[in-house]
Amino acid sequence: MDIDTSMKNAFHAAGKSIVLIGFMGVGKTAVGTALKDILEVDLVDSDVIIEKEAGKSIARIFAEDGEEAFRKLEQKTILNILSNGAPVILSTGGGAFLNDDVRAIILKNSTSVWLQASKETIFERTETDLNQYGIKRPKIHVVEGTQTPTTLEQRKEIIASLLEERSSIYAECAYSVDTEAGNAEENAKSLLNKLYNLPRPQ
Ligand code: S3P
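Throughout this description, residue numbers start from 1 for each chain and increase along the sequence as written. Local features in this predicted model are restricted to residues of pLDDT 70 or higher, and side-chain atom pairs are both shown and tallied only at a pLDDT of 80 or more, whereas totals for entire chains, interfaces and linings draw on every residue. Excluded from the side-chain calculation are hydrogens and water; included are all heavy atoms of the structure.

1. A few points about helix α4 (residues 58-65)
Link 1 in the chain: Along α4, the residues that are buried comprise Ile58, Ala59, Ile61 and Phe62. In an axial view of α4, the angular spread of the buried residues amounts to 165°, which keeps them on one side of the axis.
Link 2 in the chain: In this analysis, two residues are considered to be in contact whenever any of their non-hydrogen atoms come within 4.5 Å of each other. Going along the chain from the N terminus, every DSSP run of H or I of four or more residues is numbered as a helix, and every run of E of two or more is numbered as a strand. Along its buried surface, α4 packs onto α3 (46-54), α5 (67-83) and α8 (138-141).
Link 3 in the chain: After α4 finishes, the residue Gly66 shows a positive phi value of roughly 95°. Only protein chains enter the accessibility calculation, which uses a 1.4 Å probe; a residue whose area is less than 20% of its type maximum is buried, one above 50% is exposed, and one in between is partly exposed. The directions from the helix axis to the C-beta atoms form the arc being described.

2. So, the pairing of strand β1 (residues 17-21)
Link 1 in the chain: With respect to burial, β1 is a largely interior element, 5 of its 5 residues being buried.
Link 2 in the chain: Burial along β1 is two-sided: the face carrying Ser17, Val19 and Ile21 and the face carrying Ile18 and Leu20 are both buried.
Link 3 in the chain: Two strands pair under a simple rule: DSSP has to find at least two bridges between them. Here 5 bridges tie β1 to strand β4 (residues 110-116), and the two strands are oriented parallel to one another. Following the sheet pairing, Ile21 is matched in β4 by Trp114.

3. Quick look at the site of the ligand
Link 1 in the chain: Residues in contact with the ligand amount to 14 residues; listed here are only the nearest, Lys28, Arg71, Gly94, Arg137 and Arg166.
Link 2 in the chain: Within the side chain of Arg71, a nitrogen or oxygen atom sits 2.7 Å from an oxygen atom of the ligand.
Link 3 in the chain: Under this definition, polar contacts are N or O atom pairs within 3.5 Å; protein pairs additionally need one hydrogen-donor-capable and one acceptor-capable atom, and for neighbouring residues in sequence, both atoms have to be side-chain atoms. Interatomic distance of 3.2 Å between a backbone N/O atom of Gly95 and an oxygen atom of the ligand.
Link 4 in the chain: The Shrake-Rupley method, run with a 1.4 Å probe sphere, supplies the accessible areas, and residue values consider only the shown protein chains as cover. Protein contact buries 92% of the 380 Å² of open area that the ligand shows by itself.
Link 5 in the chain: Using a 1 Å grid laid over the protein atoms alone, points where a 1.4 Å probe fits but cannot get out form a cavity; open sets with protein on both sides within 12 Å along at least 5 of 7 lines form a pocket; any residue with an atom within 4 Å of a point counts as lining. Just a note on the criterion: a molecule sits in a pocket or cavity if more than half of its atoms are within 2 Å of the grid points. The pocket occupied by the ligand, as judged from atoms lying within 2 Å of grid points, is the largest pocket.
Link 6 in the chain: With 3 residues, α5 is the largest single contributor of residues to the shell around the ligand.
Link 7 in the chain: Ten residues, namely Ala, Val, Leu, Ile, Met, Phe, Trp, Tyr, Cys and Pro, are considered nonpolar, four, namely Asp, Glu, Lys and Arg, are considered charged, and the remaining ones, Gly among them, are considered polar. Taken together, the residues of the shell around the ligand sort by class into 4 nonpolar, 3 polar and 7 charged. If a single non-hydrogen atom of a residue is within 4 Å of a molecule or strand, that residue counts as near it.

4. Quick notes on a negative patch on the surface
Link 1 in the chain: The grouping of Glu120, Glu124, Asp178 and Glu180 at the surface amounts to a negative patch.
Link 2 in the chain: By secondary structure assignment, the location of Asp178 is in strand β5 (residues 175-178).
Link 3 in the chain: Residue classification places Asp178 among the partly exposed residues on the basis of a relative accessible area of 47%. Note that patches include only residues with greater than 30% relative accessible area and no salt bridge, and the join distances are 9 Å for like charges and 5 Å for nonpolar side chains (Val, Leu, Ile, Met, Phe, Trp, Tyr). Any carboxyl oxygen of Asp or Glu within 4 Å of a side-chain nitrogen of Lys or Arg constitutes a salt bridge here. Counted as positive: Lys and Arg. Counted as negative: Asp and Glu. His and the chain ends are not counted at all. By convention, the charge on Lys lies at NZ, on Arg at CZ, on Asp at CG and on Glu at CD.

5. Some details on helix α10 (residues 184-196)
Link 1 in the chain: The end-to-end C-alpha separation of α10 is 18 Å, in line with the 18 Å expected for 13 residues at 1.5 Å each.
Link 2 in the chain: Those residues of α10 that sit buried are Asn187, Ala188, Leu191, Leu192, Asn193, Leu195 and Tyr196.
Link 3 in the chain: Next to the buried residues of α10 lie α1 (3-14), β1, α2 (28-39), β4 and β5.
Link 4 in the chain: A side-chain oxygen of the first residue of α10 lies 3.1 Å from the backbone nitrogen of Glu185; this N-cap is Asn183.
Link 5 in the chain: In the stretch just after α10, Asn197 is the one whose phi turns positive, near 55°. Multiplying 1.5 Å by the helix residue count minus one yields the expected span of that helix.

Below is the structure:
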């Protein structure tokens, strides 16, 4: 049996969603897409669902309705995904796992994986997302409670302090994978090897 088929079989035998946790810019979407391609299962992104249901971007939800309103939508969305339906790959927003109810259901019902990267890499990736793809992340790119854009220095400081604040909570995940070195496909495969103890390909 080839290794991809073994991975698919192991995922279905485990019968649990794989939930990707971690800071903004660690590569949850990229690794999630690679997992979806390897395992041929659905990739669900809680931020995408929230944007579709609200009919506006995350940045606009934060600006018009506030972070608390966003967190309520996030909680409802994730609880809903994990309490019914077939196992999927779920990519969560970087703050989702900090919510006690969200964390509890993820730890109980799914295989949780913390994706890690350094603060320098996170800064570079989130700047690229902003400048090349227009992805504005309100926690990093605007001064809290205002619509004033942050300076580059402020962004570095915000990333460093939020990362420090959140890491011990992310560490409650069952598994962790460093996304610093490999590409998304390599990271997805090393994650599946860890999860299912598969033999390395010869
Ligand atoms: C957030 C992360 C974002 C998004 C929102 C808040 C956070 O998702 O949910 O802007 O608090 O870390 P990504 O981690 O996909 O960027």
